[in-house]
Amino acid sequence: MTHVRRKVLFYLVAAWAAVTLNFIIPRMMPGDPVDILLARMQQSGGPVPPQARSAIATALGQGGDANILVQYLTYLGNLFTGDFGVSVTYFPTPVATVLGQSLPWTVVLVGVSTIVSFVLGVGLGTFAGWKRGTWLDGVAPLTTFIAAIPYFWLALVLLFVFGSVLQLLPLSGGYGYSTDPGFSLEFLSSAFRHAVLPGVTIVLSSVGGWLLGMRNMMVSTLSADYVLTAEAKGLRPRRVMLAYAARNAVLPSVTGFAVSLGFVVSGSIVTEAVFSYPGVGYVLLQAVKNNDYPLMQAIFLVITLTVLAANFVVDMLHSVIDPRTREAG
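Residues numbered from 1 in each chain as written. Predicted model: local features only at pLDDT ≥ 70, side-chain atom pairs only at ≥ 80, totals over all residues. Heavy atoms only, no water.

Caption draft 1: The packing of aromatic side chains, seen in detail. Applying the stated rule across the entire model yields 8 aromatic pairs. Judged by centre distance (5.6 Å) and plane angle (80°), the ring pair of Y11 and F312 falls under edge-to-face. Taken as a pair, Y11 in helix α1 (residues 2-28) and F312 in helix α14 (residues 293-321) lie far apart in primary sequence, 301 residues in all. What makes F312 partly exposed here is its relative accessible area of 24%. Between Y175 and F187 the ring centres are 5.2 Å apart and the planes differ by 65°, which places this aromatic pair in the edge-to-face class. Linking Y175 in the loop between α7 (151-165) and α8 (185-222) with F187 in helix α8, this pair joins segments that are 12 residues apart in sequence. (Phe/Tyr/Trp six-rings, centres within 6.5 Å; stacked < 30°, edge-to-face > 60°. Helix = DSSP H or I, 4+ residues; strand = E, 2+ residues; numbered from the N terminus. Buried < 20%, exposed > 50% of the residue type's maximum accessible area, 1.4 Å probe, protein only.)

This is the structure in C-alpha cells:
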C-alpha cells in the first residue's frame, strides 16, 4: 500500500502542476482572444458597447477585470464544474460542448487504431524475435519502411487509391451526410466505412515501431540466464516464449503504450486534417488558427490529465507484472 500511496501522491502533485501551467501559459502568449472576438463583432456591422469587453472576457473564462489570484481560483472552481468558457472558433458554443462532440470520434478512431497497432506489433515482434532468422524476421524491415513514410503522404496515397481510383471507401468526413447521427445500423455502418482509411493510416504508420522494439527486446531476453535455464529444464517452447521471454520483453512496450494511449485524446492531427475527420485533432487545428485560447486550454488539459491517468494505470500494471518495481519504489 505504501507503493500505491506514493504513486497516488506523485500523480496528484503532477496533476496540480499541469493544471496550474495550463492556467499560466495561455496568459503569457501573444494576442488576445477577446480582441479577436470584438473585431469579428465589429466586422459583422453591429455596434460594440464598451462594457462588452469585460463580459466577453468572463464568458471566455478569463475572469474579466479580476486580479490574477481571483482568476486562478475561479479557474480551479470552473474545472470542477466542467466550465471551460466559450469557444472563439465556434462562438457562442461552450468549449465543453465542442469537446463533447469531437472527443468520441477521436477516442473511437485513434483509440481502437492504437490498440490494434500495439497488439499486432507486439504479437508479430514476439514471433519475429522467437523465430529470428526466418521469413517472419524479414517483416520487421518492411514495417519499418512503411513507418518511415510521413503520415500525411501515406494518408494521401490511401485516399487516392481506395477513395478516388477504386472508389471503395469515402473520401472525407465522419459519416455520410444523408444519414442521421444515432445508434442505428445505417449510421454505424457509415461511420465505420469513413473510419477505415484514417484507421489503416494510423495502424500502418505505427505498427513498425512496436514490432521492431518488441523483436529486439525478445532477442535480448532470449539470451538471459533464466530463459536458458527454462529451456534446459525441458519446458514447452510455447511456455518459455510467453511466460519467460515475452513477459519481460514486453515491459518497455507497455510503458510506451501508456504514453501513446494518453495521447489518444489529442488525436492524430494530420490524419484528421487530411480526411476532414471531426475529431479533437481537427478541432485543435481550428483553435490554433483562430487563437481560440479557451478551446486550446481545455484540449491541452484533457490531454495532460489523460496522459497522467494512463501512466498511473501502467505504473500499477508494472508493479503487478514486475514485483521488483514495488521494492525499488
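Having seen the model, we can carry on.
Caption draft 2: Structural view of the environment of L158. Tracing the sequence through the fold places L158 in helix α7. A residue is classified by how much of its surface remains accessible, and L158, at 9% relative accessible area, is buried. For the pair L158 and L171, spaced 13 residues apart in the sequence, the C-alpha separation amounts to 9.8 Å. The residues contacting L158, other than those within four sequence positions of it, are G163, L197, V200 and T201. (Contact = heavy atoms within 4.5 Å.)

Caption draft 3: Representation of a nonpolar patch on the surface. On the surface, a cluster of nonpolar side chains totalling about 980 Å² of accessible area is made up of F152, W153, L156, V157, F160, V161, V165, L166, L168, I269 and V270. Looking at the nonpolar patch, the elements with two or more residues in it are α7 and α12 (269-274). Within the fold, F160 resides in helix α7. Classification of F160 as exposed rests on a relative accessible area of 54%. (Patch = residues over 30% accessible without salt bridge, like charges linked within 9 Å, V, L, I, M, F, W, Y side chains within 5 Å. Areas by Shrake-Rupley, 256 points an atom, 1.4 Å probe, with all protein chains shown as cover. Salt bridge = Lys/Arg side-chain N within 4 Å of Asp/Glu carboxyl O.)

Caption draft 4: Just the UniProt feature "transmembrane region" (unreviewed entry) in the protein chain, in detail. UniProt feature "transmembrane region" (unreviewed entry): in the numbering of this structure it lies at residues 7-25, 105-130, 151-171, 191-212, 249-275 and 295-314. Annotated as residues 105-130, this span is 100% helix and 0% strand, and its ends, taken at the C-alpha atoms, are 37 Å apart. The straight-line gap between the two end C-alpha atoms of residues 191-212 is 32 Å; of that span, 100% is helix and 0% is strand. (UniProt positions renumbered as here; feature names shortened; annotations may be inferred.)

Caption draft 5: Here's a closer look at the side chain of T221. Take T221: it is sitting in helix α8. Take T221: its relative accessible area is 6%, and that puts it in the buried class. What T221 contacts, discounting residues up to four positions off in sequence, is Y226, V227, Y244, A245, N248 and A249.

Caption draft 6: Representation of the nonpolar core in the model. F118, V122, M214, M218, V227 and V250 are the most contacted members of the largest nonpolar core, which has 18 residues in total. The element that contributes the greatest number of residues to this core is helix α10 (residues 237-249), accounting for 5 residues. Apart from the residues lying within four places of it in its own chain, the contact partners of V250 are V122 and M214. In this structure, L99, V280, L295 and M296 belong to the second largest nonpolar core, which totals 15 residues. (Core = buried A, V, L, I, M, F, W, Y, C linked by side-chain atoms within 4.5 Å.)

Caption draft 7: Structural view of the environment of F162. For F162, the position within the fold is in helix α7. In this structure, the C-alpha to C-alpha distance between F162 and L197, residues 35 residues apart in sequence, is 8.2 Å. Look past the residues within four positions of F162 in its chain and what remains in contact with it is Q167, L168, L169 and L197.

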